[in-house]
Amino acid sequence: MRRPLPLAGVCAIAALLALLALGRLGPGVRWALLLPVLAALALVTVLDLRSRIIPDVVTLPTLAYALALAAARGLEALGEAALGAVAGGGVVLVVAVVSRGAMGGGDIKLMALLGASLGWQRALLVLAASQIIGGAVALVLLAAHRATRKTRMPVGAIIALLGGLLVSAMG
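All of these numbers come straight from a predicted model, not from anything done at the bench. (Residues numbered from 1 in each chain as written. Predicted model: local features only at pLDDT ≥ 70, side-chain atom pairs only at ≥ 80, totals over all residues. Heavy atoms only, no water.)

1. Comments concerning the overall build of the protein chain
- Each helix and strand counted, the protein chain has seven helices and zero strands in total.
- Counting helices and strands in the order they occur from the N terminus, the protein chain gives α-α-α-α-α-α-α.
- In terms of overall dimensions, the protein chain is globule-like: its C-alpha atoms have a radius of gyration of 16 Å, near the 16 Å expected for 171 residues.
- Every one of the 171 residues in the protein chain was classed for burial, and the buried ones make up 38%.
- Taking all contacts inside the protein chain whose residues are at least 6 apart in sequence as the whole, residues at least 24 apart take part in 70%. (Helix = DSSP H or I, 4+ residues; strand = E, 2+ residues; numbered from the N terminus. Rg over C-alpha atoms; globule rule 2.2 N^0.38 Å. Buried < 20%, exposed > 50% of the residue type's maximum accessible area, 1.4 Å probe, protein only. Contact = heavy atoms within 4.5 Å.)

Put into structure tokens, the structure is as follows:
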């Protein structure tokens, strides 16, 4: 354990999200099935803040897990989750192409994961809110001379944290 602080951050965020979901759902199978998604979102939050990387080894298995959870609820739920994944990831893909890399592949897969977990409408709400919050943070950092216009913001961390809060609240 070379870096206990990031691990502590992941554990703290995951515990907070799990407790919020527990308060909403109570103990049970449904709550327990959300824990891997919440842990992955906590991990993405910390990794993006520290390294500006959202690894496929976290997002892709969690996306598959979210789709499997939806499939267990039936074909209609699976269709909605698949539509959410395509819409969430697709919107960010378009932004990544148009902006020439302002958002990357990790952000695309993260939004696909949130689309599968939350549905396309809530995922796009998370995306919009994260852009507003990220913009506000950037303005504060610019005003405080802690960043320049070329400083890359870890917006994926904001997306993951907001998404985790919403997944916890929705159950």
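2. Topic: the nonpolar core
- Counting 39 residues, the largest nonpolar core has Leu41, Leu110, Met111, Leu114, Ile159 and Val167 as the members making the most contacts within it.
- Only α1 (4-25), α2 (29-51), α3 (56-72), α4 (75-98), α5 (105-118), α6 (120-143) and α7 (155-170) provide two or more residues apiece to this core.
- Beyond its immediate sequence surroundings of up to four residues, Leu110 is in contact with Leu41, Val44, Ile54, Thr59, Gly156, Ile159 and Ala160. (Core = buried A, V, L, I, M, F, W, Y, C linked by side-chain atoms within 4.5 Å.)

3. Quick notes on the confidence of the model for the protein chain
- On average, residues of the protein chain score 94 in pLDDT, and 97% of them reach the 70 mark or higher.
- In the model of the protein chain, α1 stands out as the element of lowest mean pLDDT, 92, in contrast to α3, which has the highest, 98. (pLDDT = per-residue confidence, 0-100.)

4. Focus: unusual backbone geometry
- In this structure, Arg52 is a non-glycine residue whose phi angle is positive, near 60°.
- Note on placement: Arg52 falls in the loop between α2 and α3.
- You can call Arg52 partly exposed: its relative accessible area is 41%.

5. Re the environment of Leu113
- Checked against the element boundaries, Leu113 lands in helix α5.
- Each C-alpha atom, one on Leu113 and one on Thr59, is 6.8 Å from the other, the two residues being 54 residues apart in sequence.

6. Regarding the side chain of Thr59
- Mapped onto the elements of the fold, Thr59 is located in helix α3.
- With relative accessibility at 1%, the residue Thr59 sits in the buried group.

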